[in-house]
Amino acid sequence: MLRITRAAEFCSSLRYWDPALSAAANQRRFGRCASQHGHNYRLEVTLRGVPDPATGMVMDLKDLKEILEREVVARFDHRDLNGDTPYFAKQVPTPENLAQVIRDLLIQALPAGMLDRVRLYQDEDLWVDVLEEAL
Amino acid sequence: MIRLTRRYRFAAAHVLHRHDLSADQNFSVYGKCANPNGHGHNYGLEITVGGKVDPESGTLVSIAALDECVQKHVMDRFAQCNLNEDALFATLVPTAENIARAVQDLLTDSVACEAGATLVAVRVVETARNYAEVEALASECVNR
């Protein structure tokens, strides 16, 4: 078994916001994150598998690139996570939650058992890993 | 399983030498790192925590609490300092490996008690070309 990783980048705006709370209560609850702001996210997706003896590939990286483009970049790049995507109506777009949303999008788009890790950098000093169980 | 890593930075001086060795022996073990007047690095410190994502806050740890914890227990102690003068390195050579272990010891309980998360790994990045990483044992805060 070996692992391959491909990266993708997207830029999004967001705010930590609970619609059930007033603006003042959101400010108190989430501080500066309650203000509209943005990040250059970097995503590293790691797949695991045995290379196909004929191609030497775990997966054709062009196919993986297309999946990342379709499932992640097209949904999130130059969008507002709160207003332009359906994923944060009931949860805050923390890097933890965004990483898990991306993990759920990729797990259904990739061949079964292939996803190993989703690593989402919010910036170069903060990142979240979602690790799949060992087979 | 979900983990969160935060990167911190500190600049510190050190010299690698053992008190029980002669100057020549230290040079043969540690090379230029044994230069008696010391040298320094811009260290990167990557702290990885695990835990459960709280459904209310969407976070597995408060970044502010983690920052405060690392500031108090590591940065205030090591940043702009000579590591060899720290009591932790009185008899321990401040290699990247030993710094990683020291940080693990400084943070395991405090991350649990003060930030409510589990320290999973500590990586000390000494230069762009070398780093040391220790995986932490799970620890629960007994006083929480």
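Everything here concerns the structure above.
A short tour of the structure in this document, coming up. This is a predicted model, so every value here is computed, not measured.

Moving on, we get to helix α2 (residues 63–78) of chain B. The largest bend in α2(B) comes to about 45 degrees, at Q71(B). By the burial criterion, the buried members of α2(B) are L66(B), C69(B), V70(B), V74(B), M75(B) and F78(B).

This next bit is on unusual backbone geometry. A positive phi angle, close to 55 degrees, is found at H78(A), a residue other than glycine. Along the chain, H78(A) turns up in the loop between α2 (61–76) and β3 (79–80). Backbone geometry places Q80(B), a non-glycine residue, at a positive phi of 50 degrees.

A few words on the interface of chain A and chain B. On the side of chain B, 17 residues touch chain A, which itself brings 14 residues to the contact. Here chain A packs against chain B, burying approximately 1,500 Å² in sum over the two surfaces, 49% of which is carbon and sulfur. Contact with chain B buries area across many residues of chain A, yet E96(A), D125(A) and W127(A) alone supply 38% of it, more than any other trio. On inspection of chain A and its partner chain B, the count reaches two salt bridges. In this structure, R9(B) engages E124(A) in a salt bridge whose closest nitrogen and oxygen atoms are separated by 3.3 Å. Taken together, the connections running from chain A to chain B amount to nine residue pairs in polar contact (both at pLDDT 80 or more). Of all the elements in the fold, those that place two or more residues in the side of chain A that touches chain B are α3 (95–109) and β5 (126–131) of chain A.

What counts and what doesn't
Along each chain, residues carry numbers from 1 onward, in the same order as the chain's sequence is written. By the order in which they are written, chains take letters starting at A while ligands take numbers starting at 1. With pLDDT at 70 or above as the cut-off, local features in this predicted model cover only qualifying residues; side-chain atom pairs require 80 or more to be listed or tallied, and sums for whole chains, interfaces and linings still use all residues. Heavy atoms from the whole structure form the basis of all side-chain values; hydrogens and water molecules are not counted. The seven residues ending at a residue and the seven starting there each receive a fitted axis; the angle between those axes is the bend at that residue. Secondary structure counts use DSSP, requiring at least four H or I residues in a row for a helix and at least two E residues in a row for a strand, with both numbered from the N terminus. Three labels apply to residues, based on accessible area from a 1.4 Å probe with only protein chains included: buried if under 20% of the type maximum, exposed if over 50%, partly exposed otherwise in between. The contact definition used throughout considers only heavy atoms, calling two residues in contact when any of these lie within 4.5 Å. Throughout, the accessible surface (probe 1.4 Å) given up by two parts as they are put together, summed over both, is called the buried area. Salt bridges are defined by distance alone: a side-chain nitrogen of Lys or Arg within 4 Å of a carboxyl oxygen of Asp or Glu. Polar contact criterion, stated in full: a pair of N or O atoms within 3.5 Å, where within protein one must be able to donate a hydrogen and the other to accept it, and residues adjacent in sequence count only if both atoms are side-chain atoms.

Everything listed here is a matter of coordinates, which is why it stays silent on function.
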